[in-house]
Amino acid sequence: MKNIMKIHDFDKAGLIYISPWIIGFLLLQLYPLLATFFYSFTDFNLFTNPKMVGLNNFKKIFTQDPDFWNSMMVTFKYVLLAVPLKLTFALLIAIILNTKTKGINFFRTIFYFPSIIGGSVAISILWRFLFMRKGIINNVLAIINIPPTDWLGDPKIALFTVSLLSVWQFGSSMVLFLAGLKQIPSTLIEASRIDGAGSFRIFFSVTIPMITPIIFFNLVMQTINAFQNFTGAFVITQGGPMKATYLYGIMLYNQGFQNFKMGYASALSWILFLIILTFTLILFRSSESWVHYDD
Amino acid sequence: MMINMKLKNYNRILKYIVLVLIAWVMIYPLLWMIGASFKSNAEIYTSASFFPKDIIMDAFKNGWNVSGQFTFGLFFINTFKLVIPTVFFTVFSSVLVGYGFARFRFPLKKILLTLMISTLMLPDTVVIIPRFILFAKLGWLNSYLPFIMPALVGAYPFFNFMMVQFIRGIPKELDDSAKIDGCSSFRILISILLPLCKPAIFSVIIFQSIWMWNDFFNVLIYINSVRKFPISLGLRMSMDVVTKGDLNQVMAMSVLSVVPLVILFFMAQKYFVEGITTKGLKG
Amino acid sequence: MLGRKKYLILLVIFLMCAAFSFAGGQKDQASQKTTLRFSWWGGEDRHNGTLAAIDLYEKTHPGITIEAEYSGWDGYYQKLVTQIAGGTAPDIMQMSSEWLEDISGKGDLLVNLGDRSDLDLSGFDEKFISTYCSIDGNILGVPTGIGGELLIFYKPVLKSAGIPLDTEFTWESIVDLGAKVHNQSSDRYMINASTSDLAYLLQKYIIQLSGGYIDGKNKKVLFSVNDATKAFEYFQTWFDNNIVQPLAVSTLFDGDPVENPDWINGNFGGLREWTSGINKVANGRPADDFILASIPVLDGAEDSGIKVYPSQVIVVNSKSNNIDAAIDFVNYFFNDEDAIIATQTIRGVPASSIARNILKENGLLDPMVEKATSVSMASMGKPFCSLQNNSEIKSILKDVIEEFGYGKLTAKKAAETLILRLESKLSEL
C-alpha cells in the first residue's frame, strides 16, 4: 500500500516541475494566441481597432487568393526537399564525427559555422556571388563543360537553390545527433560486443534505436521550422522569380506588415498552424512504432 | 590481414577527404567575411575570392566607432546583458519542465505536451503584435525583459521539448533504482540525470546563445534606445535604404561578433566528448 | 518523499511570480525635464548630422532632452507600425511621404501642422506641401529634402560604343544607340535595370501616353489596353535589342542595381536612380564620369510621370504628451541656421528655400546632388494620386512585368492582365 501511495505522490510532482511552463503559458503565451485567433475574424490594419468580418478572411483566402495556393505548393515542396536532405546530412556527418577522428573538435566547429553566422548580411551577398550567372558555381561547372544556369533567376530552379541554404545550415541538427550519440551508455555497446555482435549489427540494433528520440525531435522541429521559414528566401530572392520561392512565411509577412492586413495575416497563420499541427500529429502517431524510449 | 589493413586505410582516407571537402564548403563564407573586412566596398560586391586586392585596415577601426555616439564595445556588452540571463534561465526552466514531462505521469499530460509544442506552430509574424502590446502594458519595453522573462518561465518550448526527448533517452533503470533507495524526485534529477544530460544542456546553451545573439527583428521591435542596442541591431544601424553603408565595416564587425560564439562552441566541445560513464547500471 | 522539497519548489514558483510583477516598468519619476523621442532611419552621415543638430538644441534649451532613436532602414517601417499599434510611437518621427496616406487614413495619429502658428513653414513651396505632405487639406508632415528620379549614364561605356556624349536620350535613342553597346561587347548593356526599375519606367511610359495611371478616388484605371500594349511593345524592344540583361540574370540585383558587379566593373551604360542615391552610384568614381539626364518624355505628353517628392517627412505624434515641445524642436530643426548647417544635405537638397540659401552661402550644397535634383525637377510630372503608392497596387505592375520579361505574357496579354488585375484590386480597396 505504502509503495503505491509513494508512486502516486511521486507522479503528481511532475505538475510542479512543469509549473514554470504553465505560468509562462498562462501569462505570456495564452493572450497572444487568443488575440491572433480573434484577429483572424477581423479586418485589422494595426492603426485603428479591429473590425469584425466573420469568416470573410477565410473565404477570401480559399476562393480569391491565387497567392495562397501558390505559396502552399511552394512551401510543401520546400519542406519535402529541405527537411529530409538536412536531416540525412546531419545524421551521416554526426555518425562520421562520432568515430575516432583526428581533429574532430576542429571539424565539428567548422560544420557548425553556417548556423553560427546565421542570416547575416554577408550570407545574402555571398549567396548571390555563388549563384549568379557569372558566379562561382557556374565557373566551376564550366570546367567540366556544363553550361551556366541561373540558379536563382530561373523559376524552375530557384526553390532548390533556396533549399540549399537551409540544408547548408545542418549544423544544429548535427549537434543534437552528436549529443544523442554521446549519451548512449558505453556499457551497452560493450555488452553487445561481448555478446559477439559486429560493428554493423551494433550500429543498427543498438545505436540507431537509442537515438530515435533525437531523430524524432529533429524531424518534428525541422518540419515545423521549415513550414514557417522565410528569412533566407526573403532576403535573397524576395519570393521571386515570379513567386517561385514565395514561401508561405513571406506571403504572411507581406500581408501583415506591407499591406497592413493583420486580420488576413492572422487567418493565414491559423491555417498554417492547423496544417503544421496535422503533420506533427501524424509524426507523433508514427513515432509509436519506430521511436524507442526506455520508459 | 593485409587486405583488411588496406581497406581500413582507404576507408580512413575517404572519410577525411569527404570531411575536408564539406568543411571547405562550410567554412568558406566565414573566410570570405574575414577577407571582406580588409577589402574596399566596391571589391566586396565584385569578388568572391578570399584575398583582398589591396588590404585596407580601416574597416575595423571605423566599424568599431560606428555611430559617433557609441562604440561597438557597448553593443558587445549589451549583447552579453541580453544573452547571458536569457540562456541561464532557459537552461533552468527547460531542465525542470523537460524532467516533468519526461518522467512523470500526471493527468492531462498528453494535452499539455501537445499544447506546449503547438505554441511553436504559430508564425512569429502575427504573434509579435499582441506580444508587443502585452509587453508594452507590462512596461517591459526598451529593456531585455521581453527575452529574459519568457526564458524564466519556459516560454521557449523548443528547449523544453528537447530536454523531454533527451531525458526520455536515458534508461529508466537508473531512476528506478534510486527511487527504491529512497531518493526524492529532485535528488534523482540533480544527482543522476543532470550529469548524464550534459551534452543536451550544452546544446541548449549553444543554441539559445546563438539565437539570442543573432536575433534582429524581435530585438528591434522592443529596444528603442541606441544605448541599449545589442550587436544585431548595431550591425545594421548604418545601412540606409539607398546607401548600404560601408559594407567592409559591417563585415569587420560581423566577424568580431562571431568570435565569442565560436569560442563558446569550441569550449563546449569538451562536454560532447566526455560521454557517459554509467555507474549503477549493473548494481 | 516530496515533503519538504515541495515547499522549496513552491517557494521558487512564488519568487518567479514576484519577479514578474516587480520586473515591471521603472516608470520615470516626475522630473523637471521634458523628454522627447525622435526616430529616424539613415546611414552614418545622417545619424551624425542629426545628432549634432539635437546637441545644439539641447544646449540652448536646457529643460529638454531628446532621446534619439535611430537605426538603419531594415525593419524601420515594421517597427514603427508595431509601435503605433501598441501606442508607444515616438513624439517626432521621420517617415516616407508615401506612408502618410496609409497612416493618416486610419485614425487621428498625426498632428495637423498647418494649424500651428508656432511652426514656420514659410520656406517651403506651398504647392509642394499641399501635394505631398497634406491629406484632406491638413498638413501632416514637414518635407526634409527634395527627392526625384533620373537617368545616370556612364561616359566610358558610351564612349567606347561610339555614342556621342551630347546625345539627347529619348526613348528611341536609348534603343537605337543602346544596341551598339551590346554589339560592341556581349558583356555590356545599355541600361542596368531589373523588374522594379522596368516597372517604374513602364509606368511613366504609360502615363506619358495616356495622361494618367489610376484614379484612386473613383477606382478607375486611366489608361487603355492600346496604351498599355504600346508600352509593353516598346519595352519588348529592350529585351530584343539587349538593352537590358535578361531578367533571369538581373533579378538577383532587383532593387539594388548598384550592387550588380557588372555595374561596379563598368559594363553598363546607365541606370535609373533616385536623387538620394547619387553618391552611392558614383561609388568612388569621379563625378565627371557620369552624365545626369532626365528620364525620357514622349513628345506631347501631358504628364511626364516623373516623380519629384519629399525625400522624407517629419511628423509629430498626436498622442504625444509634449506636442508643444515637439513642435518647437521641429521648428528649430528646419529654420535655425546652425541646425541647417549641421544637417546639410543628409536628407537630400533641402525642400526649404531658407535652408537652401544658407547652404549655398556656406558652400555646402553637394554639386552632384544639386544637379541631379534640378535635372529631375525640370521634367517633373504631376503628383501621383492616392493609391498609386499602395503596396498592393505597386506589386501588381511588378508581377506583370516579371511575367512579361520572362516571356510568359505577350505585350497585348500583359496589357490586358495589368488592367484586369488593377481593376479587381481597386474595387477591393
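In case you missed it, the structure is sitting above this.
The paragraphs below set out a description of the structure included in this document. Just so it is clear, the structure is predicted and the values come from calculations on it, not from any experiment.

## Here we look at the overall build of chain C
Here comes step 1: In terms of regular secondary structure, chain C is built from 18 helices and 15 strands.
Here comes step 2: In terms of overall dimensions, chain C has C-alpha extents of about 85 × 70 × 45 Å along its principal axes.
Here comes step 3: In chain C, which comprises 429 residues, the share counted as buried stands at 60%.
Here comes step 4: For chain C, restricting intrachain contacts to residue pairs at least 6 apart in sequence, the fraction spanning at least 24 positions comes to 74%.
Here comes step 5: Averaging the coordinates of the 38 positive side-chain charges in chain C and doing the same for the 55 negative ones gives two points 7 Å apart.

## Brief notes about unusual backbone geometry
Here comes step 1: Put simply, Gly240(A) and Pro241(A) share a cis peptide bond, and its omega is -15°.
Here comes step 2: You will see that Phe260(A), though not glycine, has its phi angle at about 55°, which is positive.
Here comes step 3: Mapped onto the elements of the fold, Phe260(A) is located in the loop between helix 13 (248-258) and helix 14 (262-290).
Here comes step 4: Residue Phe260(A) is classed as buried on the basis of its relative accessible area of 4%.
Here comes step 5: For Leu108(B), which is not glycine, the phi dihedral falls at a positive 70°.

## As for the packing of helix 3 (residues 56-64) of chain A against helix 4 (residues 66-97) of chain A
All names here are of chain A.
Here comes step 1: Where helix 3 contacts helix 4, the two axes come as close as 6 Å, and the packing angle between them is 70°. Looking at the two axes, helix 3 sits roughly perpendicular to helix 4. Residues Ile61, Phe62 and Gln64 of helix 3 form the contact with helix 4, whose participating residues are Pro66, Phe68 and Trp69.
Here comes step 2: Tallied by class, residues from the contact of helix 3 with helix 4 come to five nonpolar, one polar and no charged.

## What about the interface of chain B and chain A?
Accessible area lost during the coming together of the parts is what is often quoted as the interface size.
Here comes step 1: With 102 residues of chain B at the interface, the matching set in chain A holds 96 residues.
Here comes step 2: Summing both partners gives a buried area of about 8,900 Å² for chain B against chain A, and 78% of it is carried by carbon and sulfur.
Here comes step 3: On the surface where chain B and chain A come into contact, there are zero salt bridges.
Here comes step 4: Counting across the interface, chain B meets chain A through eight residue pairs in polar contact (both at pLDDT 80 or more).
Here comes step 5: Tallying contributions element by element places helix 1 (residues 2-36) of chain B first for the side of chain B that touches chain A, with 13 residues.
Here comes step 6: In terms of residue class, the side of chain B that touches chain A is built from 75 nonpolar, 18 polar and nine charged.

## Section: the interface of chain C and chain B
Here comes step 1: Each partner contributes to the interface: chain C provides 44 residues, whereas chain B provides 46 residues.
Here comes step 2: Summed over both sides, the interface between chain C and chain B buries roughly 3,700 Å², with carbon and sulfur atoms accounting for 63% of that surface.
Here comes step 3: Counting across the chain C and chain B interface gives one salt bridge.
Here comes step 4: Note that Asp74(C) and Arg236(B) form a salt bridge whose closest N and O atoms lie 3.6 Å from each other.
Here comes step 5: For the pair chain C and chain B, the number of links is nine residue pairs in polar contact (both at pLDDT 80 or more).
Here comes step 6: If you list the elements that add at least two residues to the side of chain C that touches chain B, you get helix 1 (3-22), strand 1 (34-41), helix 2 (44-60), strand 2 (64-71), helix 3 (76-86) and helix 11 (261-264) of chain C.

Procedures and definitions
- Residues numbered from 1 in each chain as written.
- Chains lettered and ligands numbered in written order.
- Predicted model: local features only at pLDDT ≥ 70, side-chain atom pairs only at ≥ 80, totals over all residues.
- Heavy atoms only, no water.
- Helix = DSSP H or I, 4+ residues; strand = E, 2+ residues; numbered from the N terminus.
- Buried < 20%, exposed > 50% of the residue type's maximum accessible area, 1.4 Å probe, protein only.
- Contact = heavy atoms within 4.5 Å.
- Lys, Arg positive; Asp, Glu negative; His and termini not counted.
- Charge placed at Lys NZ, Arg CZ, Asp CG, Glu CD.
- Axes fitted to C-alpha atoms, helices over the stretch in contact; angles between N-to-C directions.
- Parallel < 35°, antiparallel > 145°, perpendicular 65-115°, else oblique.
- Nonpolar A, V, L, I, M, F, W, Y, C, P; charged D, E, K, R; others polar.
- Buried area = accessible area lost by both parts, 1.4 Å probe.
- Salt bridge = Lys/Arg side-chain N within 4 Å of Asp/Glu carboxyl O.
- Polar contact = N/O pair within 3.5 Å; in protein donor to acceptor, adjacent residues only side chain to side chain.

Spatial relationships are all this shows, so hold off on functional conclusions.
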